[in-house]
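In case you want the letters, here they are:
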Amino acid sequence: MQASKPSDPRIVPADAAGIARAAAMLHAGQIVALPTETVYGLAADAARADAVAAIYRTKGRPDFNPLIVHVPDLAGAEKIAMFDTRAKKLAAAFWPGPLTLVLPLKAGAEIAPAVTAGLSTIALRCPAHPVMRAVLAASGLRLAAPSANRSGAISPTRAEHVAASLGEGLELIVDGGAARAGLESTIVALRNLGGEPAGWQLLRPGPVDPEAIAALLGEPPLPLADQRIEAPGQLASHYAPGKPLRLGAVSAQPDEWLIGFGNVAGDDTLSASGDLAEAAANLYAALHRADASARARIAVAPVPPGGMGDAINDRLKRAAA
């Protein structure tokens, strides 16, 4: 991985000048790295095929892997997707925030076909991060924005992670500090059959607890019956460091960098107190440090299941695949 420079000119403060520059570049069809509350995103105008192609090209991302479109509010989302009562209820409860909804794409929506990878659905999120929201407002655009890293690699939670992962293929990174949540959004698909509600599915666990979604909708999620790629993070191998990764480790072997949790101490730790929210926020930064270490392999301590633990273990399982 190419290291970012100590004073990288591509990294700019999230001030008025930085936000204005980002909005201008997005209007010109260029890509920009922006902070969100989950991870840093590589943003482009979702209506422009050339801009969306630049995302795929810069990330080295498979073009069958759809992108999440970021919108400022429910009104903006309803211009490009079909919202039923369930979708509006979820948006009211969890937007702005780390919940992505996969919904039927509205006919005539001005979205580049590559955004949806040819599917009849679209993934939408209304972010809470003030910098991303400021850029959405300043640009007036809907922004396709997957994580700002090489496809399949460790997701970035700091501006310097973006610079190191994407190298010289990017001109502007707006620095909004460390991502608060540290894990990508929870993704939920609302299913319909003949125009009638037909349950929901959890496509990717994340910061929003699926139990809270089940309680709000009054029904548990449906099982995932097939392997269609409808949203980011569904590939078997994803979020991966450049070194072999061993899970469930309670001690390190001589050539391993151990990432601890709770009572398992290591070279680094997700959370010494066993706090799952702290562990989620620290996960990708810890993986970046381990990947940069002199050790040949990485080991990670057990993380208990349930709630945020399920989301952390999902990322670790894919990183180790």
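Notes on the structure in this doc start here. These figures come from a predicted structure and were not determined experimentally. (Residues numbered from 1 in each chain as written. Predicted model: local features only at pLDDT ≥ 70, side-chain atom pairs only at ≥ 80, totals over all residues. Heavy atoms only, no water.)

1. Considerations on the sheet that holds strand β13 (residues 268–269)
Spatially, four strands are ordered β11-β14-β12-β13 in an open sheet, and the strand pairing comes out parallel. At either margin of the open sheet sits one strand with a lone partner, and together these are β11 (245–246) and β13. Here β11 runs beside strand β14 (residues 297–300); their pairing, made up of two bridges, is parallel. Among the inter-strand pairings, Arg246 is bridged to a residue of β14, identified as Ala299. (Pairing = 2+ DSSP bridges. Helix = DSSP H or I, 4+ residues; strand = E, 2+ residues; numbered from the N terminus.)

2. Points about unusual backbone geometry
Each neighbour pair has its own omega, and for Trp95 with Pro96 the value is -10 degrees, a cis peptide bond. Despite not being glycine, Ala117 shows a phi value in the positive range, around 55 degrees. Locating Ala117 in the fold gives a position in the loop between α5 (113–116) and β6 (121–125).

3. Notes on the packing of aromatic side chains
Using the criterion set out here, one finds one aromatic pair in the structure. Between Phe83 and Trp95, the aromatic rings sit 6.2 Å apart at their centres with planes inclined by 70 degrees, giving edge-to-face as the arrangement. Within this pair, whereas Phe83 is found in the loop between α3 (74–78) and α4 (85–94), its partner Trp95 is found in the loop between α4 and β5 (99–104), the two being separated by 12 residues in sequence. A single burial state applies to Phe83 and to Trp95, both of which are buried. (Phe/Tyr/Trp six-rings, centres within 6.5 Å; stacked < 30°, edge-to-face > 60°. Buried < 20%, exposed > 50% of the residue type's maximum accessible area, 1.4 Å probe, protein only.)

4. Observations regarding the environment of Ile298
For Ile298, the location among the structural elements is in strand β14. In this structure the C-alpha to C-alpha distance between Ile298 and Ile122, which are 176 residues apart in sequence, comes to 36 Å. Setting aside chain neighbours within four positions, we find Ile298 in contact with Pro241, Lys243, Pro244, Leu245, Arg246, Glu256, Trp257, Ile259, Ala290 and Asp291. (Contact = heavy atoms within 4.5 Å.)

5. A word on the pattern of salt bridges
Following the criterion strictly, the structure yields 13 salt bridges and no others. Across the salt bridge formed by Glu184 and Arg315, the nearest N and O atoms sit 2.9 Å from each other. Note that Glu184 is positioned in the loop between β8 (173–175) and β9 (186–193) and Arg315 in helix α10 (residues 308–320), a separation of 131 residues in sequence. The pair formed by Glu184 and Arg315 is uniform in burial state, with each residue classed as buried. For the salt bridge of Asp255 with Arg297, the shortest nitrogen-to-oxygen distance reads 3.0 Å. (Salt bridge = Lys/Arg side-chain N within 4 Å of Asp/Glu carboxyl O.)

6. Considerations on the side chain of Arg204
Residue placement: Arg204 occurs in strand β10 (residues 196–204). For the buried Arg204, no salt bridge exists, and the shortest N-O distance to an oppositely charged side chain is 5.1 Å, to Glu184. Of the polar contacts made by the side chain of Arg204, one reaches the backbone oxygen of Ser185; its length is 2.9 Å. (Lys, Arg positive; Asp, Glu negative; His and termini not counted. Polar contact = N/O pair within 3.5 Å; in protein donor to acceptor, adjacent residues only side chain to side chain.)

7. Overview of the environment of Val303
Of note, Val303 is situated in the loop between β14 and α10. Each C-alpha atom of the pair Val303 and Ala148 lies 26 Å from the other, and the pair is 155 residues apart in sequence. The contact partners of Val303, leaving out residues within four places of it in the chain, are Phe261, Leu270, Leu276, Gly309, Ile312, Asn313 and Leu316.

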